[in-house]
Number of protein chains: 2
Amino acid sequence: MGGAKKIENGSLTISGDSIAAVGPAASVPTDGARKLIDARGRVVMPGFVNCHTHIASNMLLRGLLEDVQLFEWLQTMWQLKRNFDEETLYWASLMGLVEMAKAGITTFNEHFDAYRVEPQIAALKTMPLRATLGYGFADRGLYAPITDWSWKALHSFDDKVSRHHRTGNDRVHVGLSPHSPYSCGAEMFKLVREVADAHKVVIHTHLAEGPQEVAYVSETYGTTPMQWVYSLGFLGSDVTAAHCTQLNDDDIRIMAETGTKIAHCPCCNAKLNSGTLRLRSVREAGVTVGLATDGPASHNSLDMFQEMKFAGMIHKDKTNDVEFLKTGELLEMATTGAAAAMNRPDTGKLAPGMKADVIIVDLDKPHCLPVYGEAAALVYSARADDVVTTICDGQILMEERALPGIDETEIRHRFREGALALRHRSLD
Amino acid sequence: MGGAKKIENGSLTISGDSIAAVGPAASVPTDGARKLIDARGRVVMPGFVNCHTHIASNMLLRGLLEDVQLFEWLQTMWQLKRNFDEETLYWASLMGLVEMAKAGITTFNEHFDAYRVEPQIAALKTMPLRATLGYGFADRGLYAPITDWSWKALHSFDDKVSRHHRTGNDRVHVGLSPHSPYSCGAEMFKLVREVADAHKVVIHTHLAEGPQEVAYVSETYGTTPMQWVYSLGFLGSDVTAAHCTQLNDDDIRIMAETGTKIAHCPCCNAKLNSGTLRLRSVREAGVTVGLATDGPASHNSLDMFQEMKFAGMIHKDKTNDVEFLKTGELLEMATTGAAAAMNRPDTGKLAPGMKADVIIVDLDKPHCLPVYGEAAALVYSARADDVVTTICDGQILMEERALPGIDETEIRHRFREGALALRHRSLD
């Protein structure tokens, strides 16, 4: 489907953490397999890749404030964040990982939103998804309270790299996440580039997210957000830029020239009035684009089915072209494209040697039938609950909707109680 | 929530087909109840009302052609429709009813799209939802092949009224559904108005759906679609107009003055580039607006959760106002508002004397937690699969996701096979 080709009656074998073979059943030997999963009548596809999100902190903010202006939202958020504790963050992180595993997301790109990462690293041991964890830094505006912490963390980044980078059988990577052009100064962007080059880790930031940012950067630096960070030598193929709803033609040319990638979050951008990515233009310029959910505080759902469907609808509407963004392209942007956008090219595709990040989707549901074509059914009819099995790094995280070794009831209970207590002590 | 008020620890009792009492548990006696449903920790709310759809025919077209221009789509659709048979339409209708019941939709407004209604009436005996069935008529353009049939059906409409109207304990109503200003001439709109007045049945049509329709009506009649049908004496408070994406200020004034109602289908309108309803303006003018899914051929999902969420996102984006369309208003538009928009005021609300159309939603799910407020969780986090129990007209259609007396596997099988055979004999 899409760029990928569909195999009818196929088989796929996994050896260790990788895909050993995939092809027509007759050509893929399965003798001696330790475990067989019968996926007849179902779709076997790459696990979804969510190339921009904030799990740990954002899970605690989902649905807390809807329909309000950004400033009110940010103030409330900071009141809560002041009171975050490690245990609550652990259960929040674990709940987010469970939500993603149940929705068929096997890889995600975390922007830590400038907060403590240890609880999420612990949660990733319990629910082992593939992740790149970007350490968040900022030193301007509303984010000024974390200036000292940010510089210290940047200067001691080698500790984090040596402790967590490429751990968990190489599932967990770490990276650098300067927050944005309105919350980080020039010196911070420059140092992030130096540290990234020194440690060979990726960068994940917010760029050109909305009109307010454009106005701030124009006033302060006399240019666009993209051109400003470019002038600092910050951009490159190791940078994932979330949002990019405010790009002019020069910005797009710079992204293409530097190989900078885009994490496109259509639901969040619409809901928060941030603008709309010029998707056709950036793709035509050759910029890599992946779909992403953003954090549950801004869009509420860690659900790539919703992002694919909403992206299809909103871009057809805004380009006034029903032929734009075909179902296969949307699937690609949610898997291979998103993997490329976060520089994890070893996932998002079913091929020998790729990481065994595989999901099975059951389309034999009232809301999906008839299935004239799998791509259309996956993009416009299927829901996250239709994912029956999720495999990451060769490990079964979910089988027939059950999570082996995970006590979901306990996690829900702990998370719910922790979140309500946090709100109580922060806001009431 | 929304206009409605939330009751913590409430009880609701049903007597026959109606709600007997609803309020704080202590004030609602439940002694002697024949059946008790424990909904602790869950949300009890009115069943969703889908005030514009096409089940019977459209179920067979879902996902068949995506990403193509309207004309190609219509031609293929007509090739299939030519070969529709009663049995396939029965299983298609039943599958659609099952999909809606499982998604918490208890009432729907069917526009028959000019096709045979008997299979759907049969299906409504097996899966007894509340419905208004609009008999479709047309005599212009692509729809010319059904001109003779349409006039005959209009002239003999009294038979249909006497046979099906207010049957099934008043669950099933019939109505009149002229297709649209580009597919029905003036004489047909005038006769529909006469027949509706004579039989006191409602009218359900497509109006101002897209730029093509506006261009056609302007060229042919020198006015707007809304003003043209108004000049024919067609509009009134018994008319549900689907879409209305192309309204000028005078059109809106006319709708308010005549009490004409709007079925708003945000997903379908975006996906097909039909334009966007001026929701704020029509609401400010006092026009009643309900949400609807349209048929699965044009938007794919009979799912009011998706319509609420998409409506919230797209209208915040297009009005550039994050405070517009609050979660409570979206819930209202999917229940009470949609019931009003299809002139079925006896449903869509939990109050004594209202029809017992009630659903129970389980928000204790990873993707919904934490629940700081039920309205936000229902609109932006919950999915159709979170509906656990569906009651319509006092009858339990679904309990803990199981459909008593329904063999869903058989229905899926028959529907799937019928659809694939139909496509084979029509298109291959």
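Quick notes on the rules
- Residues numbered from 1 in each chain as written.
- Chains lettered and ligands numbered in written order.
- Predicted model: local features only at pLDDT ≥ 70, side-chain atom pairs only at ≥ 80, totals over all residues.
- Heavy atoms only, no water.
- Helix = DSSP H or I, 4+ residues; strand = E, 2+ residues; numbered from the N terminus.
- Pairing = 2+ DSSP bridges.
- Axes fitted to C-alpha atoms, helices over the stretch in contact; angles between N-to-C directions.
- Buried < 20%, exposed > 50% of the residue type's maximum accessible area, 1.4 Å probe, protein only.
- Parallel < 35°, antiparallel > 145°, perpendicular 65-115°, else oblique.
- Contact = heavy atoms within 4.5 Å.
- Nonpolar A, V, L, I, M, F, W, Y, C, P; charged D, E, K, R; others polar.
- Buried area = accessible area lost by both parts, 1.4 Å probe.
- Salt bridge = Lys/Arg side-chain N within 4 Å of Asp/Glu carboxyl O.
- Phe/Tyr/Trp six-rings, centres within 6.5 Å; stacked < 30°, edge-to-face > 60°.
- Lys NZ or Arg CZ within 6 Å of the ring centre and 35° of its normal.
- Polar contact = N/O pair within 3.5 Å; in protein donor to acceptor, adjacent residues only side chain to side chain.
- pLDDT = per-residue confidence, 0-100.
- Disulfide = S-S within 2.5 Å.
- Left-handed = near helix turned anticlockwise from the far one by under 90°.
- Core = buried A, V, L, I, M, F, W, Y, C linked by side-chain atoms within 4.5 Å.
- Least-squares fit on C-alpha atoms with pLDDT ≥ 70 in both.

Draft legend 1. Molecular detail of unusual backbone geometry. With an omega dihedral of -10°, the bond running from A:Leu369 to A:Pro370 counts as a cis peptide bond. Following the sequence through the fold, A:Pro370 ends up in the loop between strand E12 (358-361) and helix H15 (374-381). Even without being a glycine, A:Asn343 presents a positive backbone phi close to 55°. Structurally, the position occupied by A:Asn343 is in the loop between helix H14 (336-341) and E12. For B:Cys244, which is not a glycine, the phi torsion comes out positive at approximately 50°.

Draft legend 2. Quick peek at the sheet that holds strand E3 (residues 43-46) of chain B. Residue and element names in this part refer to chain B. Pairing in this open sheet of four strands is antiparallel, and the strands run E3-E12-E13-E14 from one edge to the other. At either margin of the open sheet sits one strand with a lone partner, and together these are E3 and strand E14 (395-398). If you compare each strand with its neighbour and ignore which way they point, the axes differ by 25° on average. As paired strands, strand E13 (residues 387-392) and E14 are joined by three bridges and run antiparallel to one another. Along E14, the bridge assignment pairs Ile-391 with Ile-396.

Draft legend 3. Focus on the environment of B:Met127. Residue and element names in this part refer to chain B. Considering the arrangement of structural elements, one finds Met-127 in the loop between helix H3 (118-126) and strand E6 (130-137). On the basis of relative accessibility, which here comes to 1%, the residue Met-127 falls in the buried class. Spatially, the C-alpha atom of Met-127 lies 24 Å from that of Gly-337, the residues being 210 residues apart in sequence.

Draft legend 4. Up close: the packing of helix H1 (residues 70-82) of chain B against helix H16 (residues 408-427) of chain B. Residues and elements named next belong to chain B. Relative to each other, H1 and H16 sit at 110°, their axes nearing to 9 Å. Between H1 and H16, the angle is such that the two are roughly perpendicular. Residue-level inspection shows Thr-76, Gln-79, Leu-80 and Arg-82 of H1 in contact with H16, the latter providing Leu-422, Ser-426 and Leu-427. Considering only residue class, the contact of H1 with H16 consists of three nonpolar, three polar and one charged.

Draft legend 5. Structural detail: the interface of chain B and chain A. Each partner contributes to the interface: chain B provides 61 residues, whereas chain A provides 61 residues. A combined buried area of about 5,400 Å² lies between chain B and chain A, and 54% of that area is made up of carbon and sulfur atoms. Broken down residue by residue, the surface that chain B buries against chain A is led by B:Asp67, B:Pro366 and B:Tyr372, which jointly contribute 16%. Taken together, the links from chain B to chain A amount to 12 salt bridges. Of the charged contacts, one joins A:Lys318 and B:Asp317 as a salt bridge, the two residues approaching to 2.5 Å between their closest N and O atoms.

Draft legend 6. Region of the structure containing the packing of aromatic side chains. Summed over all chains, the structure comprises 17 aromatic pairs over all chains. Relative to B:Trp228, the ring of B:Phe189 has its centre 5.5 Å away and its plane inclined at 85°; by these criteria the two rings are edge-to-face. Separated by 39 residues along the polypeptide, B:Phe189 in helix H6 (residues 186-199) and B:Trp228 in helix H8 (residues 225-231) bring together distant segments of the chain. The pair B:Phe189 / B:Trp228 is uniform in exposure class, with both members buried. Measuring from ring centre to ring centre gives 3.9 Å for B:Tyr221 and B:Trp228, while their planes differ by 15°; the resulting arrangement is stacked. On the basis of relative accessibility, which here comes to 5%, the residue B:Trp228 falls in the buried class. Three or more aromatic residues joined by ring pairs make a cluster, and in this case those are A:Phe189, A:Tyr221, A:Trp228 and A:Phe234. Residue placement shows A:Arg280 over the ring face of A:Phe324; its charged tip is 4.4 Å from the ring centre.

Draft legend 7. Representation of the environment of B:Leu70 in the model. Within the secondary structure, B:Leu70 sits in helix H1. Along the chain, B:Leu70 and B:Thr260 lie 190 residues apart, while their C-alpha atoms are 27 Å from each other.

Draft legend 8. The side chain of B:Arg130, seen in detail. Residues and elements named next belong to chain B. Tracing the backbone through its elements, the reader meets Arg-130 in strand E6. Polar contacts involving the side chain of Arg-130 include one to the side chain of Asp-393, which spans 2.9 Å. Those residues in contact with Arg-130 that lie beyond four places of it in its chain are Thr-106, Thr-107, Phe-108, Asp-170, Arg-171, Arg-344, Thr-347, Lys-355, Asp-357, Cys-392 and Asp-393.

Draft legend 9. Region of the structure containing the confidence of the model for chain A. Confidence in the prediction for chain A averages 95 pLDDT; 99% of positions are at 70 or higher. Overall fold confidence (pTM) sits at 0.97, and the ipTM for the predicted complex is 0.97.

Draft legend 10. Representation of the state of the cysteines in the model. Considering all chains together, one arrives at zero disulfides over all chains under this definition. Here A:Cys267 is not disulfide-linked; the sulfur of A:Cys268 is the nearest cysteine sulfur, at 8.6 Å. Classification of A:Cys267 by relative accessible area gives buried; the value is 1%. Among the cysteines around B:Cys392, which has no disulfide bond, B:Cys51 carries the closest sulfur, lying 16 Å off.

Draft legend 11. Region of the structure containing the pattern of salt bridges. All chains considered together, the criterion is met by 70 salt bridges over all chains. A salt bridge links B:Asp386 to B:Lys365; its shortest N-O distance comes to 2.9 Å. In this pair, B:Asp386 is assigned in the loop between helix H15 (374-381) and E13 and B:Lys365 in the loop between strand E12 (358-361) and H15, connecting sequence segments 21 residues apart. A relative accessible area of 0% places B:Asp386 in the buried class. Among the charged side chains, a network of salt bridges with common partners joins A:Lys102, A:Glu408, A:Arg412, A:Arg416, A:Glu417 and B:Asp364.

Draft legend 12. Geometry of the sheet that holds strand E13 (residues 387-392) of chain A. Residue and element names in this part refer to chain A. If you trace the four strands from one edge of the open sheet to the other, you get E3-E12-E13-E14, paired in antiparallel fashion. Two strands lie at the open edges of the sheet, namely strand E3 (43-46) and strand E14 (395-398), each paired on one side alone. Averaged over all neighbouring strand pairs, the angle between strand axes comes to 25°, with direction disregarded. Bridging between E3 and E12 involves four bridges; their strand directions are antiparallel. When the sheet's bridge partners are listed, Met-45 is paired in E12 with Ile-359.

Draft legend 13. Inspection of the packing of helix H13 (residues 327-334) of chain B against H15(B) at higher detail. Residue and element names in this part refer to chain B. It is at 8 Å that the axes of H13 and H15 come closest, and there the two elements cross at 65°. Comparing the axis directions of H13 and H15 gives the class roughly perpendicular. Between H13 and H15 lies a crossing of left-handed hand. Touching Thr-327, Gly-328, Leu-330 and Leu-331 of H13 are Ala-375, Ala-376, Leu-378, Val-379 and Tyr-380, all from H15. For the contact of H13 with H15, the per-class residue count stands at seven nonpolar, two polar and no charged.

Draft legend 14. Highlighting the nonpolar core. The biggest cluster of nonpolar side chains holds 245 residues, and the ones touching the most others in it are A:Leu176, A:Leu247, B:Leu176 and B:Leu247. If you tally residues by element for this core, the top one is helix H2 (residues 86-102) of chain B, at 10 residues. For B:Leu176, the residues in contact, after removing those within four places along its chain, are B:Gly134, B:Tyr135, B:Phe137, B:Leu154, B:Phe157, B:Val192, B:Val195, B:Ala196, B:Val201, B:Val202, B:Ile203 and B:His204.

Draft legend 15. The arrangement of the relation of the copies chain B and chain A in detail. Superposing chain B onto chain A takes a rotation of 180° combined with a translation of 0.0 Å along the rotation axis, leaving an RMSD of 0.0 Å. Taken together, the rotation and translation relating the two chain copies correspond to the operation of a two-fold axis. Of the residues that chain B buries at the interface, 100% are likewise interface residues in chain A, meaning the two copies contact each other through the same surface.

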